[in-house]
Amino acid sequence: MIVYRICNEYEIKEIMKSKSFSNIGNNYTNDKKKNTHNYLQNKKYVHFFKDLSSIYYLNVTKGYYICTYDIPDVLLEESKGIGFYLDREFFKRLEEVCEYAITNDQILFNYLIKVEKINNYIDYEDYIYDNYKANLEVTYEKIKKD
């Protein structure tokens, strides 16, 4: 299944250099006010969104990257949860968003299919009206094998 992630330049450089996720991710503590994930101690997790539109709960700004992954459904299903984010219009109410928290040791470089550099700030309205693509620059795309 296709999933999405926003990441910074350090993360992209590290992934491209090592072709792995061993130095990516963070340790988290369980906080039911933020999400429904059950994090294990001493494990680093990487979060992904089910829908491209969900990245707009975050700051989609210059210097960051939109990464597209194709991760096996089985892995996504066992890491599925709900994140709680402020609404994208008024930033006043919490909305439930489908997301995945996968331990970094389960993610393969082969799952990464595209990296797009964000060259200008993009807001949710830009996405809705399809006015965002000119602000993205593809920096990596997986070669498809027939």
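Here is a short report on the structure shown in this document. Being a predicted model, the structure only gives us computed values, none of them experimental. Here, residues in each chain are numbered from 1, in the same order as that chain's written sequence. Whole-chain, interface and lining totals are the exception, using all residues; otherwise, since this is a predicted model, local features are given only for residues with pLDDT of at least 70 and side-chain atom pairs are given and counted only at 80 or more. Where side-chain values are given, they derive from all heavy atoms of the structure, hydrogens and water being excluded.

A short note on the packing of aromatic side chains
Thought 1: Two rings from Phe, Tyr or Trp (for Trp, the six-membered ring) form a pair when their centres sit within 6.5 Å of each other. Planes less than 30 degrees apart are called stacked, planes more than 60 degrees apart edge-to-face, and all others tilted. Applying the stated rule across the entire model yields eleven aromatic pairs.
Thought 2: Judged by centre distance (5.1 Å) and plane angle (25°), the ring pair of tyrosine 28 and tyrosine 39 falls under stacked. In this pair, tyrosine 28 sits in the loop between helix H1 (9-18) and strand S2 (45-49) while tyrosine 39 sits in the loop between H1 and S2, placing the two residues eleven residues apart along the sequence.
Thought 3: Each residue is placed in one exposure class: buried if its accessible area under a 1.4 Å probe, protein chains only, is under 20% of its type's maximum, exposed if it is over 50%, and partly exposed if it falls in between. Residue tyrosine 39 is classed as buried on the basis of its relative accessible area, which comes to 8%. A run of H or I in DSSP becomes a helix once it reaches four residues, and a run of E becomes a strand once it reaches two; helices and strands are each numbered from the N terminus.

Overview of a nonpolar patch on the surface
Thought 1: For patch detection, residues must exceed 30% relative accessible area and be free of salt bridges, and they are connected within 9 Å for like charges or within 5 Å for nonpolar side chains (Val, Leu, Ile, Met, Phe, Trp, Tyr). Per-residue and other accessible areas were derived by the Shrake-Rupley procedure at a 1.4 Å probe size, with only the shown protein chains allowed to occlude residues. A side-chain nitrogen of Lys or Arg and a carboxyl oxygen of Asp or Glu constitute a salt bridge if their distance falls within 4 Å. Among the surface-exposed residues, Leu86, Phe91 and Leu94 lie close enough to one another that they form a single nonpolar patch of about 330 Å² accessible area.
Thought 2: Along the chain, leucine 94 turns up in strand S5 (residues 94-103).
Thought 3: Here leucine 94 falls in the exposed class, since its relative accessible area comes to 55%.

Observations regarding the state of the cysteines
Thought 1: In this description, the term disulfide denotes a pair of cysteine sulfurs within 2.5 Å. By the definition in use, this model includes zero disulfides.
Thought 2: You can see cysteine 67 has no disulfide; the closest cysteine sulfur is in cysteine 7, sitting 3.3 Å from it.
Thought 3: Taking the relative accessible area as the measure of exposure, cysteine 67 reaches 0% and is therefore buried.
Thought 4: The thiol sulfur of cysteine 98 is not disulfide-bonded, and the nearest other cysteine sulfur, from cysteine 67, lies at 18 Å.

Structural notes on the nonpolar core
Thought 1: Grouping buried Ala, Val, Leu, Ile, Met, Phe, Trp, Tyr and Cys residues that are joined through side-chain atoms within 4.5 Å yields what is termed a nonpolar core. Phe48, Cys67, Tyr69, Ile71 and Ile102 are the most contacted members of the largest nonpolar core, which has 22 residues in total.
Thought 2: Of all the secondary-structure elements, those providing two or more residues to this core are strand S1 (2-7), H1, S2, strand S3 (65-70), helix H2 (73-78), S5 and strand S6 (112-118).
Thought 3: Ranked by size, the runner-up nonpolar core spans 15 residues in total, among them Phe49, Val60, Tyr132 and Leu136.

Some details on the environment of arginine 93
Thought 1: Inspection of the secondary structure puts arginine 93 in the loop between strand S4 (80-86) and S5.
Thought 2: Sequence-wise, arginine 93 and glutamate 141 are 48 residues apart; in three dimensions their C-alpha atoms are separated by 36 Å.
Thought 3: Here, residues are in contact when the closest pair of their heavy atoms is within 4.5 Å. Beyond its immediate stretch of four places on either side in the chain, arginine 93 contacts Tyr85, Leu86 and Asp87.
Thought 4: Contacts described as polar in this section are N or O atom pairs within 3.5 Å, which, within protein, must combine one atom able to donate a hydrogen with one able to accept it, while residues neighboring in sequence count only if both atoms come from side chains. A polar contact of 2.8 Å, which involves the side chain of arginine 93, links it to the side chain of glutamate 95.

Section: unusual backbone geometry
Most peptide bonds take the trans configuration, and most residues that are not glycine carry a negative phi.
Thought 1: Phi angles above zero are rare outside glycine, and lysine 19 is one such case at about 55°.
Thought 2: Positive phi values are uncommon outside glycine, yet asparagine 42 reaches one of about 65°.
Thought 3: Look at asparagine 42 and you get exposed, because its relative accessible area is 75%.

A short note on the side chain of asparagine 135
Thought 1: Along the chain, the position of asparagine 135 falls in the loop between helix H3 (124-128) and strand S7 (136-141).
Thought 2: Look past the residues within four positions of asparagine 135 in its chain and what remains in contact with it is Lys117, Ile118, Asn119, Asn120, Tyr121 and Ile122.

Points about the pairing of S1
Thought 1: Counting buried positions along S1 yields five of six residues, so the element is predominantly enclosed.
Thought 2: Bridge count for S1 against S3 is six bridges, and the pairing is antiparallel. Of the residues in S3, the one forming a bridge with isoleucine 2 is aspartate 70. Here, strands pair whenever DSSP counts at least two bridges between them.

By themselves, these figures tell us nothing about what the structure is for.
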